[in-house]
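What follows is the residue order along each chain.
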Amino acid sequence: MPHLSQKTFCLYTYGCQMNEHDSERIAGMLESHGAVEVDAIEDAEIAIFVTCCIREAADVRLMGQVASIKNIPLPEGSALSKRMVCIGGCIGQRDGDALPDKLAHVDVVFGTQNIERLPYLLEAAISEGGHHVEILEKSDTFSTDLPAKREHPWSAWLPITVGCNNFCTYCIVPYVRGRERSRALEDIAADAAALVADGVKEITLLGQNVNSYGRDLYGEPRFADVLRAVSETGVERLRFATSHPKDLTDEVIGLYATLDNLMPSLHLPVQSGSDRILKAMNRRYTAERYLSLIDAVREANPDVALSTDIIVGFPGETEQDFQATYDLVKRVGYSQVFTFIYSPREGTPAASMADDTPREIIQRRFDSLVDLVQENAYAHNQRFVGRTLAVLVEGASKRDERVLVGHSPHNITVHAPIPEGMDAAALAGSTVMVEIDQAKAWYLSGAMVRA
Ligand code: SAH
Ligand code: SF4
Ligand code: F3S
């Protein structure tokens with residue numbers, strides 16, 4: 001691949017962990033072709049956008065970002081006649097050929113199913129000029145055997161499924177990521193073992209709905225089998241995202257009581273507390289069923305920190321529906337809630353559902369939920385004051401280089417002053433014990449007791 005040798009590239013990544021992991025694989029793949037990753041667009045001959053279209057705001061932001069780099073000159077000494085602009089990810093998959101019409105300076109468009117084609121498309125764009133668009137509707141293979149360049153050497157994403165079969169009525173993901181496909185259990189276990197041998201301390205299993213893992217495989221291995229197999233590698237911290245409540249089994253919940261390295265945190269998106277809205281969303285569970293899952297998790301391990309996603313303003317949401325959501329959030333006491341205002345996505349069933357709720361009312365509901373979430377998070381975090389927690393250190397705080405930042409087993413951010421004679425770079429990637437003396441809504445702080 002002579003054209004990519006020594007070429008500099010920078011990556012812009014939007015959206016979910018799937019995209020973050022795809023970007024790591026894009027970086028690893030381009031570096032294996034001799035290209036060099038840089039942080040600043042001014043130093044990059046190639047700009048790659050790994051995009052998201054889950055809500056309208058994500059679309060608008062991307063168009064602005066791509067347009068804004070148009071007039072930035074190429075780095076000095078570059079042999080290219082223009083900076084190569086590549087768009088991949090979910091907007092690439094959705095818009096394909098239409099993208100160069102909207103953004104004339106785009107050179108390459110690729111999708112979610114063919115990231116391994118990027119070096120070839122780039123080479124063609126560099127040598128021939130013009131637009132090079134290639135989208136695969138459906139792929140039977142995983143590109144997970146591409147080399148990944150991990151952002152942190154001690155933490156890794158490990159995809160176990162790609163795509164989604166659930167077709168929640170508001171959601172574009174099944175249209176841009178394709179049908180759900182599971183990786184073979186042996187491949188996942190082998191990858192996990194290789195990561196641990198490479199020094200990885202934290203593995204996060206990825207899928208749009210990890211709980212439906214294996215239904216498309218011979219013998220129908222279950223998600224609980226994956227958890228057990230990866231746990232057996234001895235990895236220090238095992239996490240997963242995301243869980244769909246309709247498929248979360250008692251077997252998986254039970255593992256919170258028995259697997260020591262399965263971290264005590266669970267992201268279980270509820271979306272709404274109203275059965276009427278849940279039905280219109282095609283979520284296939286009731287609020288009561290959801291709450292019984294929460295009770296079961298707490299019974300298995302009362303220390304599990306719970307987080308969720310909520311959509312406010314789904315078409316036809318009444319004050320009563322919203323109140324049901326508000327009450328559910330209050331009752332569960334989440335450590336973190338990601339709140340979204342409903343955004344119609346063309347081509348999804350909900351986009352054509354009638355909706356006459358005024359924008360101000362939706363905003364008021366959203367604001368009151370955000371206040372509750374903040375109170376909840378604050379109250380939830382108080383339970384850690386006085387406890388000593390194992391913290392996997394990421395490095396120094398952006399605001400103060402004498403303060404370390406890391407995450408507790410519950411996935412809550414922890415800050416602690418760095419003791420004299422130690423520095424953040426040396427501590428990064430190690431696990432230290434921190435005695436918590438203060439809890440805020442979004443982080444805990446305390447003092448390091450021993451390295
Ligand atoms: N597969 C995961 C994540 C999906 S996207 C899951 O099922 O949980 C992450 C979150 O974005 C969703 O949980 C949902 O709360 C939100 N979301 C998805 N589509 C949306 C839309 N059209 N408008 C607003 N929020 C949306
Ligand atoms: Fe979207 Fe629903 Fe699939 Fe999650 S489970 S990705 S919300 S369709
Ligand atoms: Fe966004 Fe695609 Fe993920 S739409 S949330 S990047 S699957």
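Describing the nonpolar core
In this structure, Ile203, Leu205, Phe223, Leu227, Phe240, Leu266 and Tyr334 are the most contacted members of the largest nonpolar core, which totals 53 residues. Here this core takes six residues from helix 11 (residues 287–300), the largest share from any one element. In this structure Tyr334 touches Val270, Tyr290, Leu306, Ser307, Thr308, Leu328, Val329, Asn376, Ala377 and His380, once residues within four positions along its chain are discounted. Listed in part, the 25 residues of the second largest apolar core include Tyr14, Ala44, Val85 and Ile172.

Some details on the sheet that holds strand 11 (residues 237–241)
An order of 7-10-11 is seen for the three strands of this open sheet, with the pairing classed as parallel. The sheet is open, and its two edges are formed by strand 7 (155–159) and strand 11, each paired on a single side. When strand polarity is set aside, the average angle formed by the axes of neighbouring strands in this sheet is 20 degrees. Contacts from helix 7 (residues 185–197) reach strand 7 and strand 10 (202–206) within the one sheet, and its direction differs from that of strand 7 by about 170 degrees.

Some thoughts on the site of ligand 1
Contacts to ligand 1 come from 14 residues, most closely from Tyr170, Gln208, Gln271, Asp309 and Ser343. Taking Gln208, its side chain carries an N or O atom lying 2.8 Å from a nitrogen atom of ligand 1. The side chain of Gln271 places a nitrogen or oxygen atom 2.7 Å from an oxygen atom of ligand 1. Counting only elements with at least two residues in the shell around ligand 1, the list comes to strand 13 (305–312) and strand 14 (336–341). Residue composition of the shell around ligand 1, grouped by class: seven nonpolar, four polar and three charged.

Points about helix 9 (residues 250–258)
Of all the residues in helix 9, the buried ones are Val252, Ile253, Leu255 and Tyr256. The buried residues of helix 9 all sit within an arc of 145 degrees when viewed along its axis, so they share a single face. The exposed residues of helix 9 that point more than 90 degrees off its buried face are Asp250, Ala257 and Thr258. Residues of helix 9 that are buried sit in contact with helix 8 (223–231), strand 11, strand 12 (265–267) and helix 11.

Re the site of ligand 2
Taken together, Cys164, Asn166, Phe167, Cys168, Tyr170, Cys171, Val173, Pro174, Gln208, His244 and Arg283 make up the full set of residues near ligand 2. When the residues that make up the shell around ligand 2 are grouped by side-chain class, the tally is seven nonpolar, three polar and one charged.

Details of the packing of helix 11 against helix 12 (residues 319–332)
Direction vectors running N to C along helix 11 and helix 12 enclose 10 degrees, while the axes themselves pass 11 Å from each other. Taken together, the axes of helix 11 and helix 12 are roughly parallel relative to one another. For the pair helix 11 and helix 12, the contacting residues are Ala287, Tyr290, Leu291, Ile294, Asp295 and Arg298 in the first and Leu328, Arg331 and Val332 in the second. Class assignment of the residues belonging to the contact of helix 11 with helix 12 gives a composition of six nonpolar, no polar and three charged.

Regarding the pairing of strand 13
The buried count for strand 13 comes to eight of eight residues, which makes it a mostly enclosed element. Going residue by residue along strand 13, you find Ala305, Ser307, Asp309 and Ile311 tucked away on one face and Leu306, Thr308, Ile310 and Val312 tucked away on the opposite face as well. For strand 12 and strand 13, the ladder comprises three bridges, and the chain directions are parallel. Each residue of the ladder has a partner; that of His267, found in strand 13, is Ser307.

Digging into the pattern of salt bridges
All told, the structure shown has 26 salt bridges when counted by the stated rule. Here Lys201 and Glu236 are joined by a salt bridge, their closest N and O atoms 3.9 Å apart. Separated by 35 residues along the polypeptide, Lys201 in the loop between helix 7 and strand 10 and Glu236 in the loop between helix 8 and strand 11 bring together distant segments of the chain. Owing to a relative accessible area of 22%, Lys201 belongs among the partly exposed residues under this scheme. In this structure, Glu251 and Arg228 form a salt bridge, with 3.0 Å as the shortest nitrogen-oxygen distance. On the criterion of sequence distance, the pair formed by Glu251 in helix 9 and Arg228 in helix 8 is long-range, its members being 23 residues apart. A relative accessible area of 29% means that Arg228 is categorised as partly exposed. Within this structure, Asp59, Arg94, Asp95, Lys102 and Arg345 form a network of salt bridges that share partners.

Focus on the packing of aromatic side chains
Scanning all chains against the criterion turns up eight aromatic pairs. Ring centres 5.5 Å apart and planes at 65 degrees place the aromatic pair Phe314 and Tyr342 in the edge-to-face group. Remark: Tyr342 occurs in the loop between strand 14 and helix 13 (359–381) and Phe314 occurs in the loop between strand 13 and helix 12; sequence separation between them is 28 residues. Take Phe314 and Tyr342: they sit in the same class, and that class is buried. Consider the rings of Phe322 and Tyr326, whose centres lie 6.2 Å apart with planes at 55 degrees: the pair is tilted. One end of the pair is Phe322 and the other is Tyr326, both in helix 12 and four residues apart, which spans about a single turn.

Calculation rules
Position numbers for residues start from 1 in each chain and track the written sequence from start to end. Each chain is given a letter, starting from A, and each ligand a number, starting from 1, according to the order in which they appear as written. The model is predicted, so local features are restricted to residues of pLDDT at least 70 and side-chain atom pairs to those at 80 or more, both for listing and for counting; the totals for chains, interfaces and linings are taken over all residues. In computing side-chain values, all of the structure's heavy atoms are included and hydrogens and water are not. Take the buried residues of types Ala, Val, Leu, Ile, Met, Phe, Trp, Tyr and Cys, join any two whose side-chain atoms come within 4.5 Å, and each joined set is a nonpolar core. Residue burial is assigned from relative accessible area. The probe radius is 1.4 Å, only protein chains are included, and a residue is buried under 20% of its type maximum, exposed over 50%, and partly exposed in between. Comment: elements are numbered from the N terminus, with helices defined as DSSP H or I runs of at least four residues and strands as E runs of at least two. By definition in these notes, contact holds between two residues if any of their heavy atoms fall within 4.5 Å. Note: two strands are recorded as paired if DSSP finds a minimum of 2 bridges between them. Every angle, taken between N-to-C directions, lies between 0 and 180 degrees, and every axis is a line fitted to C-alpha atoms, over only the stretch in contact when it is a helix. Being near a molecule or strand, for a residue, comes down to having at least one heavy atom within 4 Å of it. Pairing of N or O atoms within 3.5 Å defines a polar contact, subject to two protein rules: one partner must be a possible hydrogen donor and the other a possible acceptor, and residues neighboring in sequence count only if both atoms are side-chain atoms. Each residue gets one label: Ala, Val, Leu, Ile, Met, Phe, Trp, Tyr, Cys and Pro are nonpolar, Asp, Glu, Lys and Arg are charged, and the others, such as Gly, are polar. In this description, one arc is meant: the one made by directions from the helix axis to the C-beta atoms. Angle categories are assigned with fixed cut-offs, so that under 35 degrees is roughly parallel, over 145 is roughly antiparallel, 65 to 115 is roughly perpendicular, and the rest are oblique. We define a salt bridge as a contact between a side-chain nitrogen of Lys or Arg and a carboxyl oxygen of Asp or Glu at a distance within 4 Å. Each pair of aromatic rings taken from Phe, Tyr and Trp, with Trp reduced to its six-membered ring, is defined by centres within 6.5 Å and is described as stacked if the planes are under 30 degrees apart, edge-to-face if over 60, and tilted in the remaining cases.

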